[in-house]
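Residue strings, one per chain:
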Amino acid sequence: MIISVASGKGGTGKTTIAVNLALALQSDHTVQFLDCDVEEPNAHFFLKPRIEESQDILIPIPDVDDSLCTYCGKCAEVCAYNALAVVKGAVLVFAELCHGCGACSLLCPEKAIREVGKRIGVIESGWAGDIRFLYGRLDIGQAMSPPVIRTLKKKMDPSRIVVIDAPPGTSCPVIESLKHSEFCLLVTEPTPFGLHDLELAAGAAEEMKIPCGVVINRASLGGGDGEVRDFCAREELPVLMTIPFDRKIAEAYSRGQTILEAFPVYRSAFLGLFENIKKLLS
Amino acid sequence: MKQIVVVSGKGGTGKTVMSACFAFLARNAVLADVDVDASNLHLLLRPEIQERHVFRSGRKARIDAGKCTGCGLCLPLCRYDALFEDREGKVVVEPLSCEGCGVCFHICPEQAVEMETQVAGEWYVSKTKYGPFVHARLGIAEENSGKLVTEVRKKAREIAESEGRDLVIMDGSPGIGCPVIASLTGTDLALVVTEPTPSGRHDMERIVGLARHFKIRVACCINKFDLNPENSEEIERWCGEQSIPVTGKITFDAAVLESVVRGVPYVEYTSNSTADEIRRMWFSLLELIDHP
């Protein structure tokens, strides 16, 4: 089963929920954890995995052979991302704009373009206890996280329970992370910001036809629980779990502790959360 | 005219709360929300929208089933797994995966593929009691957030120039990818709002790395610094080593949330020691902007 954890707004507790769910499940299930927030991966601070393997993520970018190029301009014409320009006697490649689609090399009439790999990030994998742990990390200065997420997602093992920690927002990196999920947990906080972005995230999941449930984190903070619950009722989104606002939880987080480490009583709540998801899917 | 952007790497550290305070404290600024993906600044600035603009960007493939012969030439060439064969053997596009590269369009022998321009969002020019405000809403599941950020920034600069305003204040998005790069480039100062947690610290180091990559000056704000004083000290030490001025250490204060619920910038909502910390930070930032 593939469960992704998303939110719209950053900092609502996606990583906290994903990590603690995985930890609660590991004794009775085989669990795989994928940290798809490759711009700012954080789950490893809490799961503290032993990394065993590391793989560079490359995207193919064009390399023009000047001895074959006639500067006809076809490559620049077909590039949808303006990553190539042909000026008098030279082809300029703007690698940071290239999406690696291969149109230029495919369509060059002189076969003067070959593709070379450019590193944009890395995927690391290992074990956190019995949890198979994988995460991606975009290199600083690289703009495009989807290829890193796509490669990471190819390593999903559907025979395990896959828990995906998604990035914030609702644009392409989120879509790439949520794709193929059977269920999406939306983590929100009862503030106007949390509610506003929950609406966006719920919209994205709906567009992708992924069934959703909501976790209200820092409940009673800001007094907006009622509005979040009203929204969930209106949209027929089940509220599957509530974690009260507690400065002690925030302090434990600041020390790199998980909720289950600091407050073991939560174990049954996370197991209950999983049972609720199973019920909704059956 | 100078530009300051508020970023963080990690989400939820307090970028929008600080940006709204700066909007209140600044005398002659244009405000912009460059978190086009999950924008929130409008919830505190309460804008009155004056202009709406459609944001068209990017294209997606659409296949004419009448022309597709099902030859399958396009299928292995799509690198985004966006093309599928349906039951009748015709190729269909999965729009959420299509990145609009046009490979299928160019190689289709039947010219069955059309590339359609997408409406990817909207952007707005608004009036607020704090000054003009440019903001946007990217369509759900859309791409090209970087281009929309660039659009918002362009308009904000235009307004600043035409109205003789000397500062653009921008509320940024989390992460270090495409939209963040588009918000950072060419700014005079990036304020990194962090928190004393392992994630806050790690994500700050990455966003500082990104700002340095683009040669942007950085200042730091440690929000909720009393949540873990030891971690805060470590962040300060690290900033010292990196010659990054720590312009503010803001107390963890439940009243901040009340101000968000009321939809008012914190320094306008109340006067207390936390509000004073934010005021002092703003004046140090102005110093930094004025004396590069």
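Owing to the predicted nature of the structure, the values given are computational and were not obtained by experimental measurement.

Observations concerning the overall build of chain A
The secondary structure content of chain A amounts to eleven helices and eleven strands. Counting only C-alpha atoms and orienting by the principal axes, one finds that chain A spans roughly 70 × 40 × 35 Å. Among the 282 residues that make up chain A, the fraction classed as buried is 50%. Excluding contacts between residues fewer than 6 apart, the proportion of contacts in chain A whose partners are at least 24 apart in sequence is 76%.

Remarks on the pairing of strand E4 (residues 84–87) of chain A
All names here are of chain A. As paired strands, E4 and strand E5 (residues 90–93) are joined by four bridges and run antiparallel to one another. Within E5, the position partnered with Ala 85 by the bridge is Leu 92. Two successive antiparallel strands, E4 and E5, enclose a turn made up of two residues, where Gly 89 displays a positive phi of approximately 70 degrees.

Regarding the confidence of the model for chain B
Taken as a whole, chain B shows an average pLDDT of 96; of its residues, 100% reach a score of 70 or greater. Two summary scores accompany this predicted model of the complex, namely pTM at 0.94 and ipTM at 0.93.

Notes on the sheet that holds strand E11 (residues 246–250) of chain B
All names here are of chain B. Spatially, E3-E6-E7-E2-E8-E1-E9-E10-E11 is the arrangement adopted by the nine strands of the open sheet, whose pairing is mixed. Every other strand in the sheet has two partners, leaving strand E3 (48–63) and E11 as the edge strands with one partner each. With direction set aside, neighbouring strand axes in the sheet form an average angle of 20 degrees. By the bridge criterion, five bridges tie strand E1 (residues 2–7) to strand E8 (residues 167–171) in an arrangement that is parallel. Along E8, the bridge assignment pairs Val 5 with Met 170.

With respect to the domain arrangement of chain B
All names here are of chain B. One can read the domain layout of chain B as domain 1 (2–46 + 129–290) and domain 2 (58–119). Each side of the interface is counted separately: domain 1 has four residues, and domain 2 has four residues. Within the side of domain 1 that touches domain 2, the residues separate by chemical class into one nonpolar, two polar and one charged.

Notes on the interface of chain B and chain A
Facing 50 residues of chain B, the contacting portion of chain A comprises 52 residues. The biggest single contributor to the side of chain B that touches chain A is helix H6 (residues 198–213) of chain B, with eight residues. Of the residues assigned to the side of chain B that touches chain A, the class counts are 20 nonpolar, 21 polar and nine charged.

A look at helix H5 (residues 146–153) of chain A
Burial analysis of H5 of chain A places six of its eight residues in the buried class, which makes it a mostly covered element. Its buried side turned inward, H5 of chain A meets strand E2 (31–35), strand E3 (50–64), strand E6 (113–128), strand E7 (131–138) and helix H6 (172–178) of chain A.

As for the packing of helix H1 (residues 14–25) of chain A against helix H11 (residues 267–281) of chain A
The relative placement of two packed helices comes down to the angle between their axes together with the axis-to-axis distance. All names here are of chain A. For the pair H1 and H11, interaxial distance at closest approach is 9 Å and the crossing angle is 90 degrees. Comparing their axes, H11 and H1 come out roughly perpendicular. From H1, Asn 20, Leu 21, Ala 24 and Leu 25 reach across to H11, where they touch Arg 267, Phe 270, Leu 271, Leu 273 and Phe 274. The class makeup of the residues in the contact of H1 with H11 is seven nonpolar, one polar and one charged.

With respect to unusual backbone geometry
All names here are of chain A. Of note in this structure, Arg 218 is not a glycine but carries a positive phi near 55 degrees. Despite not being glycine, Glu 236 has its phi angle at roughly 55 degrees, a positive value. With respect to the secondary-structure elements, Glu 236 resides in the loop between helix H8 (225–234) and strand E11 (239–244).

Description of the packing of helix H7 (residues 192–207) of chain A against H8 of chain A
Residue and element names in this part refer to chain A. Interhelical geometry of H7 versus H8 gives an angle of 15 degrees and a closest axis separation of 10 Å. Relative to H8, the element H7 lies roughly parallel. Of the two elements, H7 crosses H8, and the hand of that crossing is right-handed. On H8, the residues that touch Leu 195, Leu 198 and Glu 199 of H7 are Glu 227, Val 228 and Phe 231. Of the residues belonging to the contact of H7 with H8, the class tally is four nonpolar, no polar and two charged.

Topic: the sheet that holds strand E9 (residues 183–188) of chain A
Residue and element names in this part refer to chain A. Here we have nine strands laid out as an open sheet, ordered E3-E6-E7-E2-E8-E1-E9-E10-E11, and mixed in their pairing. The open sheet terminates on both sides in strands that have one partner only, identified here as E3 and E11. The sheet shows a mean angle of 20 degrees between the axes of neighbouring strands, direction not considered. Pairing between strand E1 (residues 2–6) and strand E8 (residues 161–165): four bridges, direction parallel. In the strand pairing of E8, Ser 4 is matched with Ile 164. In this fold H8 packs onto E9, strand E10 (212–219) and E11, with an angle of close to 175 degrees to the strand it touches most, E10.

Each value, and the rule that gives it
- Residues numbered from 1 in each chain as written.
- Chains lettered and ligands numbered in written order.
- Predicted model: local features only at pLDDT ≥ 70, side-chain atom pairs only at ≥ 80, totals over all residues.
- Helix = DSSP H or I, 4+ residues; strand = E, 2+ residues; numbered from the N terminus.
- Buried ≥ 20, exposed ≤ 12 C-beta atoms within 10 Å, placed from the backbone.
- Contact = placed C-beta atoms within 7 Å.
- Pairing = 2+ DSSP bridges.
- pLDDT = per-residue confidence, 0-100.
- Axes fitted to C-alpha atoms, helices over the stretch in contact; angles between N-to-C directions.
- Domains from an automatic or database assignment.
- Nonpolar A, V, L, I, M, F, W, Y, C, P; charged D, E, K, R; others polar.
- Parallel < 35°, antiparallel > 145°, perpendicular 65-115°, else oblique.
- Left-handed = near helix turned anticlockwise from the far one by under 90°.

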